[in-house]
Amino acid sequence: MSQNPRTLFQKIWDNHVVAEKPGAPAVLYIDLHLVHEVTSPQAFSTLKSRGLKVRRPDRTVATMDHSIPTRGGYEAADEMGRIQLRLLESNAGENNVRLYGLNSVERGIVHVIGPEQGFTQPGMTIVCGDSHTSTHGAFGALGFGIGTSEVGHVLATQCLLQRKAKTFEVRVDGKLRPGVTAKDIILALLSRIGVGGGTGHVFEYTGEAIRAADMEGRMTICNMSIEGGARAGMVAPDEKTFNFVHGREFAPKGADWDKAVARWRTLPSDEGATYDKTITIDASALEPMVTFGTNPGQGIAITAPVPMPSSLSDVNERAGLEKALAYMKLEPGKTLLGQPVDVVFLGSCTNSRLVDLRAAAALMGGRKVASNVKMMVVPGSQSVKKAAEAEGLDKVFKDAGADWREAGCSMCIAMNGDQLSPGQLAVSTSNRNFEGRQGKGGRTVLASPLTAAAAAVTGKITDPRTLMS
Amino acid sequence: MPAPEFTTLTARCVVLPNTDVDTDQIIPARFLKVTDKLGLGKSLFCDWRYFDDGSPNPEFVLNKPESQGAEILVAGHNFGCGSSREHAPWALTGWGLRAVVSTMFADIFRSNCLKNGFVPVTVEPAVHVELVAALAKDPNMPVTVDLTGDAATVSWPGRAPVAFPIDPFARDCLLNGVDELGYIQALEPQIEAYEAAHR
Ligand code: SF4
């Protein structure tokens, strides 16, 4: 074992190398494999055609989230969606894989239920055929997205061929001001490094603002690491992490719990460990963020003007910005404040947890969704939905005139019929504002739950701080 | 299915210089309800390629007569960012493409490409500019991507081969049709030993 100070990433990596031949990628052991309906059918077919079964059903968890309807059950899905959902049922059944299916009272978005059920634990390697697997890094795990071929590799062998990534420390110093949230931290980071700035790297988020963040906030931040091109984002585990995991259904119990915590305490990066890259952000200087373009790196403070294409020297970048603004129908040089909004989407694996719903509900309480706006609230899991209903949040949203739905990915990816119409402008708490992501021709402004709630009640893009007491 | 192979390719190109092209553009999510890998080529770049009424947009590069039969895509910086969907290389190869040249690829996309015999060729910005300029002069110019030499190279008439980085293991798999799943399975004793030690 190396005596040099090691980073959190390096420690987890070292703990999971099964074999390493010169010239070949490492064979990495995977502790937890999450599976969903969209990226798994072809992987299960590969297994079937080779006469293989899932090697470790006990380390595999399946959920239906991407294409499930958020109301109306199976019948509401289109035919191809239904086939895909049924196929996951039979694939999971034939392989004894636990499935959070349509009728499960705990089903939800894969990256919400992993932590919620206690599957996600510090020090683990976690993969899923889904780029937002980076979410699980909030627990001090190494979580990253893989392609369907690799889903097949992990189903069959519980291993993955991997080259080691470089490390990138994202230090967030200082304290957030009221009205500014974890979502704004990550959007601010992306606006600085762009959507390719983290390529080849794994982020480790450090600093006062990360320590101060709750687990949900850390998940929001790690979730969008992939939007900066980093496959994974991580936060060193601490008491908050252990408290979150403790007592959850699949968390270690009794003496195992004590042993696990002792092991987890050794995970944080050692004093003196170095990173290949570092960036520092001052949380106290941040404002609520909004995106103006067609990728998550095109973000600005809500009070700042949209950048001028003429300010960019690179021709391709300038052309990209011009194309993005043309698609978004936004003017450079002006802020987004006052821009009329058609739809508000509160949901997705980025911001659909109880604290997100609470934050939005607190701002919306006693107010109404503006008449020009349709608001959809989609809890991240059925458990979140139930907890929210127990404290009356559903009533706040419904009384305001918002639509309260069953859990799922919903309009984040617009595969299930929940989608924007061409030209509509949405303020969304999700993670991607790519052209057409929320429906063909739809225009997405990414923001925090607070900023989304402010847009809902005013009918236009509004600084949430002006509505907070 | 046999493992995909790639040795050398000489073919015409399509140039799509946009930066940060995400996999949602390459293949929009509404086409991800398939349960196999086939037939995605017709939906490649769907929302850029077709008008709302479903007719092809003649301005979009894939619809131009000279693009038909091209097998190499010359793309902009950070191609393939966003979603991990392997449907992206399935759609690109489904259209008939076999290699893509850019100055940077997103990590998951690059890995997915290599698993489908679709070669991501990363070149320096200056080389990219040179290639795009040469193709502007002669859109029919054949470009060669060669994995067989000491180094993997890309070249075109009048241009000495430029070496490009490719994972040596992935290159070996492509040259020799090595099946990666089979490779991992052969390590079963080590996997079992690891599991025994980490119970
Ligand atoms: S909520 Fe959106 S980003 Fe998250 S897993 Fe679902 S589709 Fe992907």
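Residues numbered from 1 in each chain as written. Chains lettered and ligands numbered in written order. Predicted model: local features only at pLDDT ≥ 70, side-chain atom pairs only at ≥ 80, totals over all residues. Heavy atoms only, no water.

Trainee: Even after reading the chapter, I still don't get the site of the ligand, so can you show me in this structure?
Mentor: Around the ligand sit A:His66, A:Ile109, A:His111, A:Asp130, A:His132, A:Ser348, A:Cys349, A:Cys409, A:Cys412, A:Ile413, A:Asn431 and A:Arg437, and those are all the residues in its vicinity. A per-class count over the shell around the ligand returns five nonpolar, five polar and two charged. (Near = heavy atom within 4 Å. Nonpolar A, V, L, I, M, F, W, Y, C, P; charged D, E, K, R; others polar.)

Trainee: Help me understand the packing of aromatic side chains, please; the structure alone is not making it clear to me.
Mentor: Remark: the centre distance and the inter-plane angle together describe each pair of aromatic rings, the angle taken between the planes. Across all of its chains, the model carries 16 aromatic pairs over all chains by this definition. Between the aromatic rings of A:Phe119 and A:Phe250, the centroid separation amounts to 4.2 Å while the plane-to-plane angle is 15°, which identifies the pairing as stacked. Placement of A:Phe119 in the loop between helix H4 (110-116) and strand S6 (125-128) and of A:Phe250 in the loop between helix H9 (239-245) and helix H10 (254-264) is noted, with a sequence separation of 131 residues between them. Geometrically, the ring pair formed by B:Phe79 and B:Phe109 is edge-to-face, given 5.4 Å between the ring centres and 80° between the ring planes. Linking B:Phe79 in the loop between strand S3 (72-75) and helix H3 (87-95) with B:Phe109 in helix H4 (residues 107-114), this pair joins segments that are 30 residues apart in sequence. (Phe/Tyr/Trp six-rings, centres within 6.5 Å; stacked < 30°, edge-to-face > 60°. Helix = DSSP H or I, 4+ residues; strand = E, 2+ residues; numbered from the N terminus.)

Trainee: Help me understand the interface of chain A and chain B, please; the structure alone is not making it clear to me.
Mentor: How big an interface is tends to be stated in terms of the accessible area lost upon association of its parts. Across the boundary between the two partners, chain A contributes 61 residues, which contact 56 residues of chain B. Summed over both partners, the interface of chain A with chain B buries about 4800 Å², with 57% contributed by carbon and sulfur atoms. The three residues of chain A that bury the most area against chain B are A:Gln42, A:Arg55 and A:Lys440, which together make up 13% of that side's buried surface. Taken together, the links from chain A to chain B amount to ten salt bridges. (Contact = heavy atoms within 4.5 Å. Buried area = accessible area lost by both parts, 1.4 Å probe. Salt bridge = Lys/Arg side-chain N within 4 Å of Asp/Glu carboxyl O.)

Trainee: So what exactly am I meant to see when it comes to the nonpolar core here?
Mentor: One recurring pattern in soluble globular proteins: nonpolar side chains tend to sit buried together. Grouped together as the largest cluster of nonpolar side chains are 83 residues, with contacts concentrated most on A:Met375, A:Phe397, B:Phe45, B:Phe79, B:Leu92 and B:Phe109. Broken down by element, the residue count for this core peaks at seven residues, all from helix H15 (residues 449-458) of chain A. B:Leu92 has contacts with B:Ile26, B:Leu44, B:Phe45, B:Leu73, B:Phe79, B:Leu97, B:Phe109 and B:Phe118, leaving out every residue within four places of it along the chain. (Core = buried A, V, L, I, M, F, W, Y, C linked by side-chain atoms within 4.5 Å. Buried < 20%, exposed > 50% of the residue type's maximum accessible area, 1.4 Å probe, protein only.)

Trainee: Looking at this model, I keep getting lost on the sheet that holds strand S1 (residues 17-19) of chain A. Mind explaining?
Mentor: By definition, the strands of a sheet pair up through backbone hydrogen bonds, in either a parallel or an antiparallel sense. Strands sit in the order S1-S2-S8 (chain A) across an open sheet of three strands; the sheet is antiparallel. If you trace the sheet from one side to the other, it starts and ends with S1 and strand S8 (159-162) of chain A, each paired once. Averaged over all adjacent pairs, the angle separating strand axes in this sheet is 45°, with direction ignored. The sheet contact formed by S1(A) and strand S2 (residues 26-29) of chain A spans two bridges and is antiparallel. Paired with A:Ala19 across the two strands is A:Val27, which belongs to S2(A). Packing against the sheet, helix H8 (residues 188-197) of chain B makes contact with S1, S2 and S8 of chain A, and its axis sits at approximately 145° to S1(A). (Pairing = 2+ DSSP bridges. Axes fitted to C-alpha atoms, helices over the stretch in contact; angles between N-to-C directions.)

Trainee: What's the story with the pairing of strand S10 (residues 201-206) of chain A in this structure? I'm lost.
Mentor: Every regular strand shows the same layout, with side chains that alternate between the two sheet faces. All names here are of chain A. Burial analysis of S10 places six of its six residues in the buried class, the great majority of the element. Across the two faces of S10 the burial is the same, with His-201, Phe-203 and Tyr-205 and Val-202, Glu-204 and Thr-206 all buried. Where strand S9 (residues 166-173) lies against S10, six bridges are found, and the strand directions are parallel. Within the sheet, the bridge partner assigned to Val-170 lies in S10 and is Tyr-205. Where S10 meets strand S11 (residues 232-235), four bridges bridge the pair, whose relative direction is parallel. In the sheet register, Glu-204 faces S11, and the bridge partner there is Met-234.

Trainee: Explain the packing of helix H2 (residues 41-49) of chain A against helix H5 (residues 148-157) of chain A here, please?
Mentor: To characterise two packed helices, one gives the angle between the axes of the helices and the distance between these axes. Residues and elements named next belong to chain A. Where H2 meets H5, the closest approach of the two axes is 8 Å, and the angle between their N-to-C directions is 50°. What the angle tells us is that H2 and H5 run oblique. The handedness of the crossing between H2 and H5 is right-handed. Along its contact with H2, which presents Gln-42, Ala-43, Phe-44 and Leu-47, the element H5 presents Thr-148, Val-151, Gly-152, Leu-155 and Ala-156. (Parallel < 35°, antiparallel > 145°, perpendicular 65-115°, else oblique. Left-handed = near helix turned anticlockwise from the far one by under 90°.)

Trainee: Would you mind showing me how to read the environment of A:Ser149 here?
Mentor: With respect to the helices, strands and loops of the structure, A:Ser149 is situated in helix H5. Along the backbone, A:Ser149 and A:Pro464 are 315 residues apart, and their C-alpha atoms lie at a distance of 44 Å. Those residues within four positions of A:Ser149 in sequence are excluded, and the remaining contacts are B:Glu86, B:Lys115 and B:Asn116.

Trainee: Please explain the sheet that holds strand S4 (residues 99-102) of chain B as it appears in this structure.
Mentor: All names here are of chain B. With parallel pairing, four strands are arranged side by side in an open sheet as S2-S3-S4-S5. Of all strands in the sheet, those with a lone pairing partner are strand S2 (13-16) and strand S5 (119-122), marking the two edges. With strand direction ignored, the average angle separating the axes of adjacent strands in the sheet is 20°. Note that S4 and S5 share four bridges and pair parallel. Among the inter-strand pairings, Val-101 is bridged to a residue of S5, identified as Val-121. Sitting on the sheet, helix H5 (residues 125-137) is in contact with S2, S3 and S4, with an inclination near 120° to S3.

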